[in-house]
Amino acid sequence: MLPKLFFGYFAIVMIALSLAVITRRNPVHSVLWMLVLFFHIAGLYLFLNAEFLAAVQIILYAGAILVLFLFVIMMFNLKEELTAERFIGEWPIGVALGISILMLMFFSMSKITTGPPGQYTIEAIKAETHTKAIGKVLYTEYLFPFEIASLILLIAIVGAIVLAKKRG
Amino acid sequence: MVPLEWYIGLSAVIFIIGVAGFMIRKNIIIMLMSIELMLNAVNISLVAFSHYLQDLRGQVMVFFIITVAAAEAAIGLAILVSLFKNKAAVHTDEIIEMKG
Amino acid sequence: MDKYVLIPLLPLTAFVINIIFGKWIIKEKAHWIAILAVLGSFAIAVSAFLEVLSGKVINYDVYNWIVSGNFKVTVGFLIDQLTAIMLIVVTSVSLLVHIYSVGYMHGDGGYYRFFAYLSLFTFSMLMLVMGNNLLQLYFGWEAVGLCSYFLIGFWYEKKSAADAGKKAFIVNRFGDFGFGIGVIMIFLMLGSLHYTEIFGKIGTLQGQAINILGYNVDLITLIALLLFCGAVGKSAQIPLHVWLPDAMEGPTPVSALIHAATMVTAGVFMVARFNPIFNLSETAMNVVALTGAITSLFAATIALVQNDIKRIVAYSTVSQLGYMFLACGVGAYGAGIFHLYTHAYFKALLFLGAGSVMHAMAGELDIQKMGGLKKYMPVTYWTFLIASLSIAGIPGLAGFFSKDEILWLAYNHGTVGKIVWAMGTAVAALTAFYSFRIIFLAFHGTFRGTHEQEHHLHESPKAMTMPLMILAVGAVAAGWVGIPAALGGSNAIAHFFEPVLGHPHVTAAHEEEYMVMGISIAAAIGGIFVSWIFYSLKPEIPKNLAVKFKSIYTTLWNKYYVDELYDFIIVRPVKWTATNILVAVTDGKIIEGIVNGVPAAIRNFGERLRKLQTGYLQHYALSMALGVFVILTLVLIAKGR
């Protein structure tokens, strides 16, 4: 019962935070709500025995990406933002479409069947520690994608500088 | 024990909120944040699958998604900055050069 | 990779280098690359020739060109006796012409371009003769045609040159159309384009007939005649001879190389190469022999009255090509190729000599305005004289042996052979006459041009006279490999060709051969003698004759009105169709209707469609979500069933 209650709290708060993120007029508020949301997601990861990912979630998302967003927001004219129209004219269509797709998703959820469980039981992970276990998989089975990911990051760094630097 | 479906349902709801945010907001920053929302929703379901199937590959996938999300946010925001410098616009209704 | 590949590859490399860097970097040094490349080819060709001489036949594939189902074509080389002699002819004449061009083309704006095209031509011609399959021959065939077009129209600012280039190209289309069909027929019937396989299987077609418009046509005859179509076009035989005299608009070295020594002989080479096919069809053989003989006589008569020095030599070329076909038609392929080989030297020499004269006369071509050039340009005179004696068939020189071989073998070839022999002997007399007409009019007597021209007269530079002298040696000595047994020789070249081309079996006695030889020598000397009387001793005779037989003279002068005839029956109807039907109806109504109508409809549709493109990012996102929704629904419905 307790885990379910725990999950219920997380689910409700996360949905509410998500809605807040997309509805706030002030982008800074949106970012702050998102920060809170990311902490909750990290909590949920802990709940799912993914300590390493929880740490990465906070360090990377909350610490890096959201700060990036805040920096960019600081460049804009917030006063104008506060008076401008938030949503597009056709927003009911968007909402209706979203809800329709959600219904389809729920409808198809009953058809989910899971495959046979793998070797990484909670006990096995605990014995090895989570970070070490995920590191092993990452550096053996996924070595090549890992290298590609590093290239993607490199391209992102170069690209961001090229795009944002002053011309001439 | 919390059933797997609950996680999937939560993930779906947050994903759709992201989709809706992307579709109805005018501010491009919020649209980018909506994309982050969608990515996180997917991450939740991947971690849940990983946990329930006792397979670490789901978490590795999350790791890669976070990498790509970081890259995407950096590039997206850089585009936004240069767009703002050139056109002083952050709202989609101010950028309609593609109008036929 | 072995050395034979280099034979065509070196000129190709020279072409690529010259065409890319010629304009800006190489410029006046373009000839070095081209000459070195041809020299390399020549050296390798000589070594290949020596290998063939020792009995080796080189036949191998270099590269799979096209493989599609059971259709397989390779790039491969076949160097047998026939190819070996062609290699020697092509590379040696090409080399000399390259050297000659250094002097002749000096200072021309398109110097690098000229040498690039010459190299490309040499490459194409070598591919043509070296190929071991029909498609490669066809490739070379078309490529030399293209180079010929480039080089005839080399001075494309001149309208007559550009027109002559087009004429050569279009007239060749007629022949090549037949040739192309012949190639396809061979592939359809035999399933292969490789020489060895074609010749191996051609016997199986014997006796088969194909029904065309209700007539049963012998298959082999049909194939042979279709192939011969190509040869008629390329080697300027009746009725497709009209392009060659006009091709003289090109620079003279080109006329010597392409339109005398090598490209135009490709038709003869092809007929000789396909002798296993031609041998199986008597009809085709007779057609070849008669076409050759008639062309030979026809062109020789035209040459009698022309005044343009290059055109006389050009008609002489057509006439000599006819001789070669005559030889092939009576089964004397070896003699035909022998004549091809000797002809290459003395005819190239004649052309280069004519070029030397033009060089001295500042482009003047009319022999009536020349005269007495002998003392101004002795080297040109003596070499030209040697070439003329050789082509006339004076004993001891190259032309005599090859011509005599042809006439003798024709004489021994039944009724058709006797007919073509008589024609050939007549041509020999005419040839001697018009060749010496040039000598007497241009080199003897007194100068009839302007004072300015006379002041300008000079011998050509070393680069031009040296090839003349080398070719003169060839024009004298090239025939010594084929001295017939009747004159105490061994006719080495006939034995050399025998494995590929066969040799007609002749049983007649030596006495008869002496008789044939005597008649042809008498014809040659008679021709020269009459020429001497007409143009040196009593110059009023030809003028009187021209007045007396005015109709014959004008017919000859106007080349039997063939150009006018073609203009009337082909060019004008085609032009009429082009302007009145194609331009007005097809182009104006149908094509323009479609061409303008389709875009108009698309534009109309686009005008409506563009309204969807609002440029508003969210609208795209919304339609995307709608798409996702529809697809998800469809998938779920499909799965649910």
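Definitions and cut-offs
Per chain, residues are indexed from 1 in the order of the written sequence. Here chains are named by letter from A upward and ligands by number from 1 upward, in the order in which they appear as written. Only residues with pLDDT of at least 70 get local features here, since the model is predicted, and only at 80 or more are side-chain atom pairs given and counted; chain-wide, interface and lining totals rely on the full set of residues. Secondary structure counts use DSSP, requiring at least four H or I residues in a row for a helix and at least two E residues in a row for a strand, with both numbered from the N terminus. Counts of 20 or more other C-beta atoms within 10 Å of a residue's own C-beta define buried residues, counts of 12 or fewer define exposed ones, and intermediate counts define partly exposed ones; C-beta atoms are placed from the backbone. We call two residues in contact if the C-beta atoms placed from their backbones are at most 7 Å apart. We define a nonpolar core as a collection of buried residues of the types Ala, Val, Leu, Ile, Met, Phe, Trp, Tyr and Cys that are connected via C-beta atoms lying within 7 Å of each other. A helix is expected to reach a length of 1.5 Å times the quantity of its residues less one. Charged residues are taken to be Asp, Glu, Lys and Arg, nonpolar residues to be Ala, Val, Leu, Ile, Met, Phe, Trp, Tyr, Cys and Pro, and polar residues to be all remaining types, Gly included. A pair of strands is treated as paired once DSSP finds two or more bridges between them. Each axis is a line fitted through C-alpha atoms, and for a helix only the stretch in contact is used; angles between axes span 0 to 180 degrees, taken between their N-to-C directions. When describing relative orientation, an angle under 35 degrees is termed roughly parallel and one over 145 degrees roughly antiparallel, while 65 to 115 degrees is termed roughly perpendicular and anything else oblique. The handedness criterion is simple: a crossing whose near helix is rotated anticlockwise from the far helix by less than a right angle is left-handed, and one whose near helix is rotated clockwise is right-handed. Think of pLDDT as the predictor's per-residue confidence, scored from 0 to 100.

Trainee: Help me out: how do you make sense of the overall build of chain C in this one?
Mentor: From N to C terminus, chain C includes 26 helices and 4 strands. A total of 641 residues make up chain C; the buried ones form 52% of that total. Expressed as a percentage of contacts within chain C between residues at least 6 apart in sequence, the contacts between residues at least 24 apart total 79%.

Trainee: Whenever I open this one, the overall build of chain B confuses me. Can you help?
Mentor: Helices and strands together make up the secondary structure of chain B, namely 3 helices and 0 strands. Reading the helices (α) and strands (β) of chain B from amino to carboxyl end gives α-α-α. Expressed as a percentage of its 100 residues, the buried residues of chain B come to 58%. In chain B, once contacts between residues fewer than 6 apart in sequence are set aside, the share between residues at least 24 apart is 49%.

Trainee: It is not clear to me how the nonpolar core should be interpreted in this structure. Could you clarify?
Mentor: General note: in soluble globular proteins, nonpolar side chains tend to be found buried as a group. Residues and elements named next belong to chain C. Val271, Ala348, Leu349 and Ala475 are the most contacted members of the largest nonpolar core, which totals 213 residues. Looking at which element gives the most residues to this core, the answer is helix α18 (residues 414-443), with 17 residues. In this view, Ala475 contacts Tyr345, Phe346, Leu349, Ile386, Ala387, Ser390, Leu397 and Ala398; residues no more than four positions away in its chain are not counted.

Trainee: Would you take a moment to explain helix α2 (residues 27-47) of chain A for this structure?
Mentor: Note that an α-helix has 3.6 residues per turn; residues three or four places apart therefore point the same way. All names here are of chain A. Compared with an ideal rise of 1.5 Å per residue, which puts 21 residues at 30 Å, α2 spans 30 Å between its outermost C-alpha atoms and is within 8% of the ideal. The complete set of buried residues in α2 reads Pro27, Ser30, Val31, Trp33, Met34, Leu35, Leu37, Phe38, Ile41, Ala42, Leu44 and Tyr45. Where α2 terminates, the next one or two residues include Asn49, which has phi positive at roughly 60°.

Trainee: I tried to follow the interface of chain A and chain B on my own but got confused; where do I start?
Mentor: How large an interface is tends to be reported as the accessible area lost when its parts come together. Taken together, the contact pairs 67 residues of chain A with 59 residues of chain B. Taken together, the elements giving at least two residues each to the side of chain A that touches chain B come down to α1 (2-23), α2, α3 (51-75), α5 (91-109), α7 (130-140) and α8 (143-164) of chain A. Class assignment of the residues belonging to the side of chain A that touches chain B gives a composition of 52 nonpolar, 11 polar and 4 charged.

Trainee: Can you walk me through the pairing of strand β4 (residues 215-218) of chain C in this structure?
Mentor: Each regular strand displays side chains that alternate between the two surfaces of the sheet. Residue and element names in this part refer to chain C. Examined bridge by bridge, strand β3 (residues 209-212) and β4 share 4 bridges and lie antiparallel to one another. Residue pairing across strands places Ala209 opposite Asp218, the latter belonging to β4. Between the antiparallel neighbours β3 and β4 lie 2 residues, among them Leu213 with a positive phi of about 50°.

Trainee: Looking at this model, I keep getting lost on helix α16 (residues 378-392) of chain C. Mind explaining?
Mentor: Residue and element names in this part refer to chain C. Given a rise of 1.5 Å per residue, 15 residues ought to cover 21 Å, and the 21 Å separating the end C-alpha atoms of α16 matches this to within 8%. Here α16 has its buried residues at Thr380, Tyr381, Thr383, Phe384, Ile386, Ala387, Ser388, Leu389, Ser390, Ile391 and Ala392. The inward-facing, buried residues of α16 abut α14 (309-329), α15 (333-360), α17 (398-411), α18, α20 (462-477) and α22 (510-537). Once α16 ends, the next one or two residues include Gly393, with phi positive near 90°.

Trainee: Could you clarify how one ought to interpret the interface of chain C and chain B in this entry?
Mentor: In this complex, chain C contributes 10 residues to the contact, which on the side of chain B involves 10 residues. Residues belonging to the side of chain C that touches chain B are distributed by class as follows: 5 nonpolar, 4 polar and 1 charged.

Trainee: In this structure, what is going on with the packing of α15 of chain C against α17 of chain C? I would like to understand it.
Mentor: The axes of two packed helices give the description: the angle between them and the distance between them. All names here are of chain C. Two elements in contact, α15 and α17, have axes separated by 9 Å at closest approach and are oriented at 155°. In terms of orientation, α15 lies roughly antiparallel with respect to α17. The handedness of the crossing between α15 and α17 comes out as left-handed. Across the interface between the two elements, Ala335, Gly336, Phe338, His339, Thr342, Tyr345 and Phe346 from α15 touch Ala398, Gly399, Ser402, Lys403, Glu405, Ile406 and Leu409 from α17. Across the contact of α15 with α17, the residue classes break down as 7 nonpolar, 5 polar and 2 charged.

Trainee: Before we go on, may I ask you to explain the environment of Thr13 of chain C in this structure?
Mentor: Residues and elements named next belong to chain C. Tracing the backbone shows Thr13 in helix α1 (residues 3-26). A count of 16 C-beta atoms within 10 Å places Thr13 in the partly exposed class. Note: C-alpha distance between Thr13 and Ala34 (21 residues apart in sequence) is 8.9 Å.

Trainee: What is the right way to look at unusual backbone geometry in this model?
Mentor: For residues besides glycine, phi is generally negative; the peptide bonds are generally trans as well. Here Ile238 of chain C and Pro239 of chain C are connected by a cis peptide whose omega angle stands at 5°. On the secondary structure map, Pro239 of chain C appears in the loop between α8 (219-234) and α9 (243-246). If you check the backbone angles, Gln54 of chain B has positive phi at about 55° while not being a glycine. For Gln54 of chain B, the position within the fold is in the loop between α2 (28-53) and α3 (57-87). With 18 C-beta atoms packed within 10 Å, Gln54 of chain B lands in the partly exposed category. Phi is positive for Ala236 of chain C, which is not a glycine, with a value near 55°. Relative to the assigned elements, Ala236 of chain C resides in the loop between α8 and α9.

Trainee: Any chance you could explain the packing of helix α13 (residues 282-305) of chain C against α14 of chain C here in plain terms?
Mentor: All names here are of chain C. For the pair α13 and α14, the least separation of the axes is 7 Å and the interaxial angle reads 160°. Relative to α14, the element α13 is oriented roughly antiparallel. In the packing of α13 onto α14, the handedness of the crossing is left-handed. For the contact of α13 with α14, the residue count by class is 16 nonpolar, 9 polar and no charged.

Trainee: Can you walk me through the pairing of strand β2 (residues 71-79) of chain C in this structure?
Mentor: Residue and element names in this part refer to chain C. Pairing analysis gives 9 bridges linking strand β1 (residues 58-68) to β2, with the strands arranged antiparallel. Looking at β2, one finds that Tyr63 is bridged to Val75. Linking two consecutive strands that pair antiparallel, namely β1 and β2, is a turn of 2 residues; a positive phi of about 60° is found at Gly69 within it.

Trainee: For this particular structure, what's the right way to read the confidence of the model for chain C?
Mentor: Reading fine detail from the predicted coordinates is not recommended where pLDDT is low. For chain C, the mean per-residue pLDDT works out to 86, and 100% of the residues sit at or above 70. Scored by ipTM, the complex comes to 0.91, with pTM at 0.67.

Trainee: How do you make sense of the environment of Ile258 of chain C when you look at a structure like this?
Mentor: Residues and elements named next belong to chain C. As for its position among the elements, Ile258 is in helix α10 (residues 252-261). We classify Ile258 as buried; it has 28 C-beta atoms within 10 Å. Along the backbone, Ile258 and Ile152 are 106 residues apart, and their C-alpha atoms lie at a distance of 9.6 Å. Setting aside residues up to four positions removed in sequence, Ile258 forms contacts with Phe121, Ser148, Leu151 and Met263.

Trainee: Please explain the environment of His456 of chain C as it appears in this structure.
Mentor: Mapping His456 of chain C onto the fold places it in helix α19 (residues 451-456). Residues His456 of chain C and Met361 of chain C, 95 residues apart in the sequence, show an inter-C-alpha distance of 7.3 Å.

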